Each structure stands twice: as structure tokens, then as C-alpha cells.
Amino acid sequence: MTEIEKIVKRQRRYFASGKTKSYAFRMHALTELENSIRFHEKELNEALKKDLNKSRMESYMTETGMVLSEISYLKKHLAGWMREKPVLTPLAQFHGRSFEVKEPYGVVLVMAPWNYPFMLLMEPLAGAIAAGNCVVAKPSAYSPNVSAVIAMIIREALPAGLVEVVEGGRAENQELLDQKFDYIFFTGGVKVGQLVLEKASAHLTPVTLELGGKSPCIVDQTANIRLAAKRIVFGKYLNAGQTCVAPDYILVQESVKDELVKYLKFYISVMLGERPLKNPDYPKIINEKHFDRLMGLLEGEKAAVGGKGSRSQLKIEPTVLVDVTADSPVMQEEIFGPVLPVLTYRYLSNAEAFINARPKPLALYLFTKNKKTEKRILKNVSFGGGCINDTIIHLATSRMGFGGVGGSGMGSYHGKYSFQTFSHTKSIVKKYCWMDLPMRYHPYTFWKELLVRMFMG
């Protein structure tokens, strides 16, 4: 028996003990996890600096702080979510009581990517614990320093049977996916997501897939162009563009394209400096493979801003590309880096058609002052979620679900949605014994049929 098989077997024994099903146990586990994160925040900041060159501010804003906020929200609302939910009973089932109860799936697998290596593992993990599951956590091998800190935090906070961390790369991923889990939660790229879904199907295991795609940003002529540029620069170049919901490309109305590009250049300079590659707080590309891929996308393109990279630092300047066509290589894949193509449109119908002709994106951002435009885009374009007059902040709340649609993913999480994702809902009818209506029993007569039709009408 391999070590991974032993881990899954231990977790099945732990879940079978029933310990995870009580409110007190779940609250204690969440509190211990929260305390351990706070205690090791310094080590986590250092690890994020080593793996992605994230500053302490960015690490807290996009990783640690979001996880702590999520855990706090889960603890505050957990008791209410665990209660039975009464449901109206149909007259045909008189006299009885209908209700729903939540139960944990059992042993679940949470697989995280490298771009937000702490937040994208710990948020779903906390939701799985809140729902009463045992968890195998698989951080990314591309962020080894964060992975080691995650393992330390979890080992110190939680019993091994409840949560275990499996570090490693493709071999470990493959072996984990060969095991039978009760639920799989995966965040990452489309190709690996397809493999996860294929492997899960062998065991009929339900999955949540948080993927990505080319998330568009529409800017029309009514928008506050200066503010739009400021918010686009923030959302695009956070974590050097290595964000699944970063604006992947801009569709700007022809009449305001030059003004937008001017302000994009201005705010890149304001936020990241005239020489971003020298900025100690500007994140780096995760590894040479991704650096080379991104630099390849720049070949033959016209950069209005940036366009250069430093392989020794694994950094690429915040870049804005103009005169980009739909057939350009940079428009054929999710960029996942600090490169922002700008395309133009004349009429809103052109922008709609451009987006709808491509796979459904994880996010969409619309900058406009026209309420009719807002309603039209929300009605006519399918996407996972997004913002009007801002970027990426829609995922930074525990009060709304976050997830994709179509090729950008399936399922959602955050707050109550995480609890629901990692719980099975049992539908129950409790029938009382003091009355037993005879209509459903043989022999079936005209009068019984008439009564049934009246009841079920």
C-alpha cells in the first residue's frame, strides 16, 4: 500500500468515527486553523516572497487576509447552516413534516494552483471542514515554499485524520486522482481540469472545477476613462497578471481608445514606477517555462507600454499591446501574465458578438455609465461573474458565490456556497401515524382517482 493510499484509508477511518459531524468539533477545528495561520503569518509572507516575490501588503490583501476573513464568516454562520431547513409539505402528503438536512460528503480532495497558493487551497479547505468533511490537501509543486508552510500550519492545527497535506508534483497528482474520493475540488487550468473530471467519472465522484479563460473588459465611450484605466491596471497587474480573473483583454469603443491607452500608461507608472523591473514589490513570473511562454506571446506585437522582460529576475514589464487582431497568438490562449491586449469595437453588438463567439469566460468587466448597456450585457453575455466599473473585487467577499460557467468551470464556493458545495442535502418527509389517507392504496376506484386529482391538482 502506498503512502497516499494509507492517507486516504486513515481519513476514511477518521470520518467513520463521526467526530467531524458535531458543531463543536467543526468550530474548534476552524478556530485552531485560524490561530495557526495568524501564528505563522511571518513565515507565510516569507514563502510568498520567495515563490512569487509578493510584498507583505499584497500577501495579506490577496492571500492571508482573505482566508482569515472567510474563516471568520464560516464560524459566524455555521450554526444556522447546520440546522434543519423546514419545507412546505404538499397537501397530498397530509399529515406530515418535510425538511432538509445537510450531511458531509466524507473524504474530499482539494487541489490548488500556484498563483495564489495559500488562498486557493485554504478557502475551500475551510469550507470543507465547516461542512464536516475530512480533507486531503494538495498544494502546487510550483510554489514549494508556500506548500511547506501550509503543511506546517495544518500539522500544528489539525489532527492528521482530519486534514493531511500531500506535497509533490505530477506523480502525486496522478496517484491522488486514482483514489476514490467523495468529492474533488480543483482550481487550475482547463487541460488539467479535464483530466480531473475524467478521473472523477471513474468513481462517479462529484467535482467543482474552478478554471479560467480569457476574461474580457469592455470600456464604452460613456465610461469614466481615467478611473477605468486606474482600476484595470490594479486588476490586471496584481500578482503580475497571474490571476484567473484578471482582465485578459480590453474591448474599447473606438472613440476613446487613445485616451484609455494614455491613462493605462499613466497609472502603470504611478503604481509600479517608471522602471517596474526594478520595483522590489512587483511580483515575478512563477518559473522559466511560463516566462518564456509569455515572452513568446509578445513577438511581433506592438507594445504601447512595456514589452520587455528580465529572465534572470523572471519579471516582465506591465505591458499594453495595441493594434492586436483576433487572430494574434496572444488572443488564442489565456495570457496569465502582465500582458494586456487592447482591441476596439464600434457598436456594442460587435463587442457582444466577439465575446459570445468564444468560450464562456470566468469573469467579465464592464465600464459604462449607461444603465441600458449594463442590462444588455448582463442579459446577452454568459460569464462566471464580474464587475461593473471595477475589476476582480467580486471574488473578495464571503457573501456571494464565486465560480465559472461552461469552459471556465462548474460549481461555486465562498461562504455559504462553500458549505453547500461540500455538503449533500437530504430531503426528508416525516409522516405521522395518527392518520393514513387511503387514496394511494389498491384497489383504485373512480372516487379515489377523483380525490387524488383534487389533492394533486
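This is a predicted model, so every value here is computed, not measured.

(A) Expanded view of the sheet that holds strand β1 (residues 85–87). Read across the open sheet, the 3 strands follow the order β1-β2-β18; overall the sheet is antiparallel. The open sheet has two edge strands, β1 and β18 (423–431), and neither has a second partner. Pairwise comparison of adjacent strand axes, ignoring direction, gives a mean angle of 30 degrees for this sheet. Sheet topology places β1 next to strand β2 (residues 96–104); 3 bridges connect them, and they run antiparallel. By the bridge assignment for β2, P86 is matched with F99.

(B) Fine view of the sheet that holds strand β3 (residues 107–111). Taken in spatial order, the 6 strands of this open sheet run β5-β4-β3-β6-β7-β17, and their pairing is mixed. Of all the strands in the sheet, just β5 (163–165) and β17 (409–410) have a single pairing partner and so form its edges. When strand β6 (residues 183–187) meets strand β7 (residues 207–210), the two strands line up parallel, connected through 4 bridges. Residue F186 lies in a different strand from β7, and its bridge partner there is L209. Across the sheet, helix α1 (residues 3–16) lies against β3, β4 (134–138) and β5, angled at about 155 degrees from β4, the strand it touches most. Here helix α5 (residues 119–130) sits on the sheet in contact with β3, β4, β5 and β6, set at roughly 170 degrees to β4.

(C) Seen up close, helix α8 (residues 190–202). The end-to-end C-alpha separation of α8 is 19 Å, in line with the 18 Å expected for 13 residues at 1.5 Å each. Within α8, the full set of buried residues consists of G193, V196 and A200. Mapping the buried residues of α8 onto a view down its axis gives an arc of 55 degrees, with all of them on the same face. Of the residues in α8, the exposed ones pointing more than 90 degrees away from the buried face are K191, Q194, E198 and A202. Where α8 is buried, its residues meet β3, α7 (170–178), β6 and β7.

(D) Inspection of the environment of P247 at higher detail. Within the element layout of this structure, P247 appears in the loop between α9 (225–237) and β9 (249–253). Sequence-distant contacts of P247, that is, excluding residues within four places in its chain, are made with S215, C217, G235, K236, L340, Y365, T391 and I392.

(E) Layout of the pattern of salt bridges. Applying the stated criterion across every chain, the model contains 18 salt bridges. A salt bridge links R10 to E164; the shortest N-O distance between them is 3.1 Å. With R10 in helix α1 and E164 in strand β5, this residue pair connects regions lying 154 residues apart in the sequence. In this structure E164 comes out as buried when scored by relative accessible area, which is 10%. Between D436 and R440 there is a salt bridge, and its shortest N-O distance comes to 3.8 Å. Residue R440 is classed as exposed on the basis of its relative accessible area of 53%. One connected set of salt bridges, linked through shared partners, spans E3, R10 and E164.

(F) Representation of the pairing of strand β14 (residues 339–345) within the structure. Across the 7 residues of β14, 6 count as buried, placing the element largely inside the fold. The pairing of β9 with β14 spans 4 bridges and is classified as parallel. Looking across to β14, one finds that V252 is bridged to T344. Sheet topology places strand β13 (residues 319–322) next to β14; 3 bridges connect them, and they run parallel. Bridging from a neighbouring strand, V320 pairs with L340 of β14.

(G) Seen up close, the environment of K19. Turning to its location among the elements, K19 is positioned in the loop between α1 and α2 (23–39). Its relative accessible area of 45% is what places K19 among the partly exposed residues. As a C-alpha pair, K19 and G132 span 113 residues in sequence and 8.7 Å in three-dimensional space. Apart from the residues lying within four places of it in its own chain, the contact partners of K19 are Y14 and F25.

(H) Geometry of the packing of aromatic side chains. This structure, assessed with the given rule, holds 12 aromatic pairs. Ring geometry for Y105 and Y183: centres 5.0 Å apart, planes at 40 degrees, overall tilted. Residue Y105 is found in the loop between β2 and β3, and its partner Y183 is found in strand β6; the two are separated by 78 residues along the sequence. Taken together, Y105, Y183, F185, F402, Y413 and F422 form an aromatic cluster joined through their ring pairs. The cationic tip of R358 hangs over the ring face of F354; the distance from NZ or CZ to the ring centre is 3.6 Å.

(I) Representation of the nonpolar core in the model. Counting 135 residues, the largest nonpolar core has L33, M122, V219 and I250 as the members making the most contacts within it. Sort the elements by how many residues they give to this core and α5 lands first, with 9 residues. If near-sequence neighbours (up to four positions away) are discounted, V219 is found in contact with I225, I232, I250, L251, V252, Q253, L260, Y345 and F367.

Cut-offs and rules
The numbers attached to residues start from 1 for each chain and follow its sequence in the written order. Two thresholds apply to this predicted model, a pLDDT of at least 70 for residue-level local features and 80 or more for giving and counting side-chain atom pairs, whereas whole-chain, interface and lining totals are computed over all residues. Water and hydrogen atoms play no part in the side-chain values, which are based on all heavy atoms of the structure. Only when DSSP finds a minimum of two bridges between them are two strands counted as paired. Helix and strand definitions follow DSSP, with helices as H or I runs of at least four residues and strands as E runs of at least two, each counted in order from the N terminus. Fitted lines through C-alpha atoms give the axes, limited to the stretch in contact for helices. The angle between two N-to-C directions lies from 0 to 180 degrees. In this description, contact between two residues means that some pair of their heavy atoms is separated by no more than 4.5 Å. Expected span of a helix: the number of residues minus one, times 1.5 Å. A simple rule labels every residue: compare its accessible area, found with a 1.4 Å probe on the protein chains alone, to the largest value its type can have, and call it buried under 20%, exposed over 50%, or partly exposed in between. It is the directions from the helix axis to the C-beta atoms whose arc is reported. What makes a salt bridge here is a side-chain nitrogen of Lys or Arg within 4 Å of a carboxyl oxygen of Asp or Glu, nothing more. Aromatic rings from Phe, Tyr and Trp, taking only the six-membered ring of Trp, are treated as a pair when their centres fall within 6.5 Å; an angle between ring planes under 30 degrees marks them as stacked, one over 60 as edge-to-face, and anything in between as tilted. In this analysis the charged atom, NZ for Lys or CZ for Arg, is taken to sit over a ring once it is within 6 Å of the ring centre and within 35 degrees of the ring normal. The criterion is simple. A nonpolar core is a set of buried Ala, Val, Leu, Ile, Met, Phe, Trp, Tyr and Cys residues joined through side-chain atoms within 4.5 Å.

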